[in-house]
Amino acid sequence: MSLFDHTIKQLEEKLHNKEITVEDLVNESYTRIKEVDDQVHAFLTLDEENARAKAKELDASEATASLFGMPSGIKDNIMTKGLRTTCASQFLDNFTDPLYDATVVQKLNKEQTVTIGKLNMDEFAMGSSNENSSYNPTRNPWNTDHVPGGSSGGSAAAVAAGEVLFSLGSDTGGSIRQPAAFCGVVGMKPTYGRVSRAGLVAFASSLDQIGPITRTVEDNARVLEVIAGHDAMDSTSANVEVSKYTEALTNDVKGLKIAVPKEYLAEGVAPEVKESVLEALKVYESLGATWEEVSLPHSKYAVATYYLLSSSEASANLARFDGVRYGVRSENADNMIDMFKNSRSEGFGPEVKRRIMLGTFALSSGYYDAYYKKAQKVRTLIKNDFDKIFEEYDVIIGPTTPTKAFKVGENTDDPLTMYANDILTIPVNLAGVPGISIPCGFTEDRLPIGLQIIGKYFDESTVYRTAHAFEQATEHHKKRPQLGGAN
Amino acid sequence: MADISKEQVKHVADLARLAVTDEEVKTMADELSAIIGYAEQLNELDTEGVEPTTHVLDLKNVMRKDEPKEWITHEEAMKNAPDQQDGQYRVPSIMADN
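Let me sum up the structure you'll find in this document. (Residues numbered from 1 in each chain as written. Chains lettered and ligands numbered in written order. Predicted model: local features only at pLDDT ≥ 70, side-chain atom pairs only at ≥ 80, totals over all residues. Heavy atoms only, no water.)

Looking only at helices and strands, chain A features 15 helices and eleven strands. A globule of 487 residues ought to have a C-alpha radius of gyration of about 23 Å, and chain A, at 21 Å, matches this closely. Principal axes of the C-alpha set define a box for chain A whose edges measure 65 × 55 × 45 Å. For chain A, buried positions account for 67% of its 487 residues. Taking all contacts inside chain A whose residues are at least 6 apart in sequence as the whole, residues at least 24 apart take part in 76%. Carbon and sulfur atoms make up 46% of the accessible area of chain A, which amounts to about 16,300 Å² in all. The average position of the 50 basic charges and that of the 67 acidic charges among the side chains of chain A differ by 3 Å. (Helix = DSSP H or I, 4+ residues; strand = E, 2+ residues; numbered from the N terminus. Rg over C-alpha atoms; globule rule 2.2 N^0.38 Å. Buried < 20%, exposed > 50% of the residue type's maximum accessible area, 1.4 Å probe, protein only. Contact = heavy atoms within 4.5 Å. Areas by Shrake-Rupley, 256 points an atom, 1.4 Å probe, with all protein chains shown as cover. Lys, Arg positive; Asp, Glu negative; His and termini not counted. Charge placed at Lys NZ, Arg CZ, Asp CG, Glu CD.)

Our next topic: the sheet that holds strand β6 (residues 209-214) of chain A. Hydrogen bonds between backbone groups are what pair the strands of a sheet, and the pairing can be parallel or antiparallel. Residues and elements named next belong to chain A. Strand order across the open sheet formed by eleven strands is β1-β3-β2-β4-β6-β5-β10-β11-β9-β7-β8, with mixed pairing between neighbours. The sheet is open, and its two borders are formed by β1 (43-46) and β8 (290-294), each paired with just one other strand. Each strand axis lies, on average, 30 degrees off the axis of its neighbour in the sheet, ignoring direction. Contacting β4 (166-171), β5 (186-189), β6 and β10 (435-442), helix α7 (residues 217-227) runs over the sheet at an angle of about 145 degrees to β6. Strand contacts of helix α8 (residues 271-286): β7 (257-261), β8, β9 (395-399), β10 and β11 (448-454), with the helix running at about 55 degrees to β11, the strand carrying the most contacts. (Pairing = 2+ DSSP bridges. Axes fitted to C-alpha atoms, helices over the stretch in contact; angles between N-to-C directions.)

Let's shift gears to a nonpolar patch on the surface. Taken together, the side chains of M233 of chain A together with W71 and I72 of chain B define a hydrophobic patch exposed on the protein surface, amounting to about 330 Å² of accessible area. The residue M233 of chain A is located in the loop between α7 and β7 in this model. (Patch = residues over 30% accessible without salt bridge, like charges linked within 9 Å, V, L, I, M, F, W, Y side chains within 5 Å. Salt bridge = Lys/Arg side-chain N within 4 Å of Asp/Glu carboxyl O.)

The next point concerns the layout of surface pockets. Residue and element names in this part refer to chain A. As a volume, the largest pocket reaches approximately 640 Å³. Lining the largest pocket are 26 residues, with M79, F95, Y100, R320 and Y326 positioned closest to its centre. In the lining of the largest pocket, the residues fall into 17 nonpolar, four polar and five charged. (1 Å grid on protein atoms, 1.4 Å probe; cavity = no way out; pocket = protein on both sides within 12 Å on 5 of 7 lines; lining within 4 Å. Points joined across faces, edges and corners; volume = space filled by probe spheres on them. Nonpolar A, V, L, I, M, F, W, Y, C, P; charged D, E, K, R; others polar.)

Another point: the pairing of β11 of chain A. All names here are of chain A. Counting buried positions along β11 yields seven of seven residues, so the element is predominantly enclosed. Of the two faces of β11, the one holding P448, G450, Q452 and I454 and the one holding I449, L451 and I453 are both buried throughout. Bridge count for β9 against β11 is four bridges, and the pairing is antiparallel. From the neighbouring strand, P399 faces β11, where its bridge partner is L451. Taken together, the seven bridges between β10 and β11 define a ladder with antiparallel strand orientation. Bridge pairing in β11 places P439 opposite G450. Linkage of β10 to β11, two consecutive antiparallel strands, is achieved through a turn of five residues, within which R446 is found at a positive phi near 65 degrees.

All names here are of chain A. Under the definition given, this model contains 18 aromatic pairs over all chains. An angle of 85 degrees between the planes, with centres 5.8 Å apart, marks the rings of F124 and F348 as edge-to-face. Of the two residues, F124 is situated in the loop between β3 (114-119) and α5 (153-160) and F348 in the loop between α10 (336-347) and α11 (350-363); the sequence distance between them amounts to 224 residues. F348 matches F124 in its accessibility class, with the two residues each being buried. Ring geometry for Y368 against Y372: centres 5.2 Å apart, planes inclined by 45 degrees, an arrangement best described as tilted. In this pair, Y368 and Y372 are both assigned in helix α12 (residues 368-390), four residues apart and thus about one turn of the helix distant. Take Y368: its relative accessible area is 36%, and that puts it in the partly exposed class. Given a relative accessible area of 13%, Y372 falls into the buried group. Among the aromatic residues, those joined into a ring-pair cluster are F91, F95, F124, F321, Y326 and F348. Over the aromatic face of Y393 sits the side chain of K257, whose NZ or CZ is 5.7 Å from the ring centroid. (Phe/Tyr/Trp six-rings, centres within 6.5 Å; stacked < 30°, edge-to-face > 60°. Lys NZ or Arg CZ within 6 Å of the ring centre and 35° of its normal.)

Let us now look at the interface of chain A and chain B. Each partner contributes residues to the interface: chain A has 65 residues there, and chain B has 53 residues. Together chain A and chain B conceal approximately 5,400 Å² of surface at their shared face, both sides included; 69% is due to carbon and sulfur atoms. Scanning the region where chain A abuts chain B turns up six salt bridges. Across the pair K341 of chain A and D14 of chain B runs a salt bridge, and its minimum N-O distance is 2.6 Å. One can count 19 residue pairs in polar contact (both at pLDDT 80 or more) joining chain A with chain B. Residue assignment for the side of chain A that touches chain B shows that the elements contributing at least two residues are α9 (302-317), α10, α11, α12, α13 (415-420) and α14 (426-431) of chain A. Here the side of chain A that touches chain B gets eleven residues from one element, more than from any other, and that element is α12 of chain A. Looking at side-chain class alone, the side of chain A that touches chain B contains 34 nonpolar, 17 polar and 14 charged residues. (Buried area = accessible area lost by both parts, 1.4 Å probe. Polar contact = N/O pair within 3.5 Å; in protein donor to acceptor, adjacent residues only side chain to side chain.)

Written out as structure tokens, the structure is:
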């Protein structure tokens, strides 16, 4: 049994009773990483020396902070002062000395977590499989022939493989929830504006959110309590009070009104996924909740809307990578414009270039109204669909992904097939509401299936309560992948 | 079906400050045509009179007081630079030699 089979609360007790030390927890991480990370490739950079020093320091001090001594992994698009931050891009391969910590990292540090290292991802968070990492792509701990999902594939795989207790990911169109589903862990995308984006390398600023990935709903709620909140450094962060999410875990869903969009169980959703979700709804019925079929009629337009909007925003955000102030500069240029062009072309991978091209096209003169503005209007229709459902229901439930984790290489030929993977997660980002993925079953070949629970704006409490009640009534979250090593 | 020409790809690549090979131009023309073609399904929807959503929260301009405060030092700002001289970022020539 791994120490990370315990919850934060249990580990806190063990620390308090002197059964374990922070050094033991940190040791658990690095031992496990040495055992399995040559198969999983979850980490891009380790911070072992500092982490071990911090563990010693914490062991000599009094435990007062709320995540005292908890080993965490940070997605590599979140800035960590003095710790290499690459976004899994060759462009930032030499970015070894970032100047500041992202607000979320400052908040974790304040609560005395220990950062174990930086986690692999699709380059600049663009992708659904981790195959767009410009380093060794992460593999699924449940079966290393399969992808872990993306873009926060490293963040989900590291938690599933028992390499860290929790991790942070970022979610623009499903990048926390989809890998959480594929790796059988709990991943939360909070309401847009709930968590500060200051220090998150921007992909699509109107959609990006940082959130926690954990093994249990309770731990997830606990980490969100720490990282959520208004931040003067992010003008889009919301000045809305942060609830005590852990206090929402009452196990009581009697009378809860669940909406199940028919579009989320339609053609294209694998039968085993659909069955698993219907089973989950039976569990909710047995717990006293009710569900009804509803419609989110504009769902089928979400993928097109998303790719136009997110790529447009990305094309503007990624303009900062010019090879002047940081990052890699091309050696092959004798004037400045060629230096920009060659640095970018040598530093960015194919998917990043594709999206910059798509976004630049959609924003260019003569096409702006037809593509970008049209997509913004459709975004309004998609948001209205959610608003209407939430007038009557407490949560929306469906699958997180249409299928189980696919095989490495299976979807790389056609960008559109890869994009379709995110059809059930994208609408949530477009509307800006919170959504979580929790394990709700396994396929015959023992790959995890994820249940998605979507809530009202800033009502993460109800999402967590709903997720927790199901988790406590089932055993899925207790299953572990069979990797090599002691676990 | 949208048809994005190689000339358009070259123009967009120039706007995006990307250097592209002839082969890439061809691939990108095909891929962008397919993606834009797919996106044209949005034209099925009547969006007459629908307000565009740029942002989901009801936020107005967020202002703070314009007060100087400690941030990073000059030295720190330079330390990740690929090339520098006399405390400034060094880049290739901007104007052609005549």
